[in-house]
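Here's the letter readout for the chains.
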Amino acid sequence: VEYDPDNDLYVLAYAYYNNGTYALGATYSGTTVTLQTAVQLTSTSGNDYHQLLCYDSHNKIFMCNHGDGSNSQYCNTFTVDSAGAVTNTAQVTLSGSYQYELPAFAFDTTNNKFVMVFSDSGNVLKCAIIGDGNAIAIAGTPTTINGSQQSSFKKKGLAYNPLYDN
């Protein structure tokens, strides 16, 4: 679930078993929530997992990141209108020789870039800049954090604080 401050609504992403990843908008009034029509972002015959949403407040576009059970990681970008309707715009496969295990994302509002942390197959924690809502791709080589093997990174969190931007 991710909040859209520009349209004052929530966006949800989820996997439908053996049928891909979906996103939908949820509008609310008082204590009433209205779920809009779900839009299929991907279609797979396997299990999509780890649906993560992040909002690019500069380009006013959402990114949904998800895996498909085959060590591939995908990013879909889509827009949401003020009524909560989703329009799928693009899908990109993140390249590289990584497994992208349990990623976390944040949007850097100063540099207008998505940032990702993940563990690769060797349990090494890495950080990568993956672009903005208009161009999703790994920018350069992901940086290893702390330079050592980390076997206990099962969950990660990432947040951007513009007050500490240099």
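Computed from a predicted structure; not experimentally measured.

Asker: For this particular structure, what's the right way to read the packing of aromatic side chains?
Answerer: The geometry of an aromatic ring pair is captured by the separation of the ring centres together with the interplanar angle, meaning the angle of the planes. Counted under the stated rule, the structure contains six aromatic pairs. The interplanar angle of 10° and the centroid separation of 5.6 Å between the aromatic rings of Tyr-14 and Tyr-22 together place this pair among those described as stacked. By the ring-pair criterion, three or more aromatic residues cluster together here, those being Tyr-3, Tyr-10 and Tyr-28.

Asker: Sorry, what's going on with the nonpolar core here?
Answerer: In globular proteins that are soluble, nonpolar side chains generally tend to be buried together. Within the largest apolar cluster, 12 residues are counted, these being Leu-9, Val-11, Ala-13, Ala-23, Leu-41, Leu-53, Tyr-55, Phe-62, Cys-64, Phe-78, Val-80 and Val-86. Contributing elements (two or more residues each) for this core: β2 (9-15), β6 (49-56), β7 (61-67) and β8 (73-80). Element by element, the count of residues in this core is highest for β2, at three residues. Excluding its chain neighbours within four sequence positions, the residues that come into contact with Phe-62 are Glu-2, Tyr-3, Asp-4, Val-11, Cys-54, Tyr-55, Asn-76, Thr-77, Phe-78 and Val-80. Among the nonpolar cores identified, the runner-up in size contains 11 residues, and Met-63, Leu-94, Phe-105 and Phe-118 belong to it.

Asker: Even after reading the chapter, I still don't get the side chain of Asp-56, so can you show me in this structure?
Answerer: Structurally, Asp-56 is set in strand β6. For the buried Asp-56, no salt bridge is present, and the opposite-charge side chain at shortest range is Lys-60, 7.7 Å distant. Of the polar contacts made by the side chain of Asp-56, one reaches the backbone nitrogen of His-58; its length is 2.9 Å.

Cut-offs applied
Counting of residues starts from 1 at the beginning of each chain's written sequence and follows it residue by residue. Reporting of local features is limited, given that this is a predicted model, to residues whose pLDDT is at least 70; pairs of side-chain atoms are given and counted only at 80 or more, and all residues count toward the totals for whole chains, interfaces and linings. Each side-chain value is worked out from all heavy atoms of the structure, with water and hydrogens disregarded. Between 30 and 60 degrees the pair is tilted, below 30 it is stacked and above 60 it is edge-to-face, where a pair is any two Phe, Tyr or Trp rings, Trp via its six-membered ring, whose centres lie within 6.5 Å. We define the nonpolar core as a collection of buried residues of types Ala, Val, Leu, Ile, Met, Phe, Trp, Tyr and Cys that are connected through side-chain atoms lying within 4.5 Å of one another. Relative accessibility decides the category of a residue: with a 1.4 Å probe and only protein chains considered, values under 20% of the type maximum give buried, values over 50% give exposed, and everything between is partly exposed. The numbering of helices and of strands both runs from the N terminus, where a helix is a DSSP run of H or I of at least 4 residues and a strand a run of E of at least 2. What makes two residues a contact is simply this: any of their non-hydrogen atoms within 4.5 Å. In this tally, Asp and Glu contribute negative charge and Lys and Arg positive charge; neither His nor the terminal groups of the chain are included. For salt bridges, the criterion is a side-chain nitrogen of Lys or Arg within 4 Å of an Asp or Glu carboxyl oxygen. Whenever two N or O atoms come within 3.5 Å, that pair is a polar contact, provided that in protein one can donate a hydrogen and the other can accept it, and provided that, for residues adjacent in sequence, both atoms are side-chain atoms.

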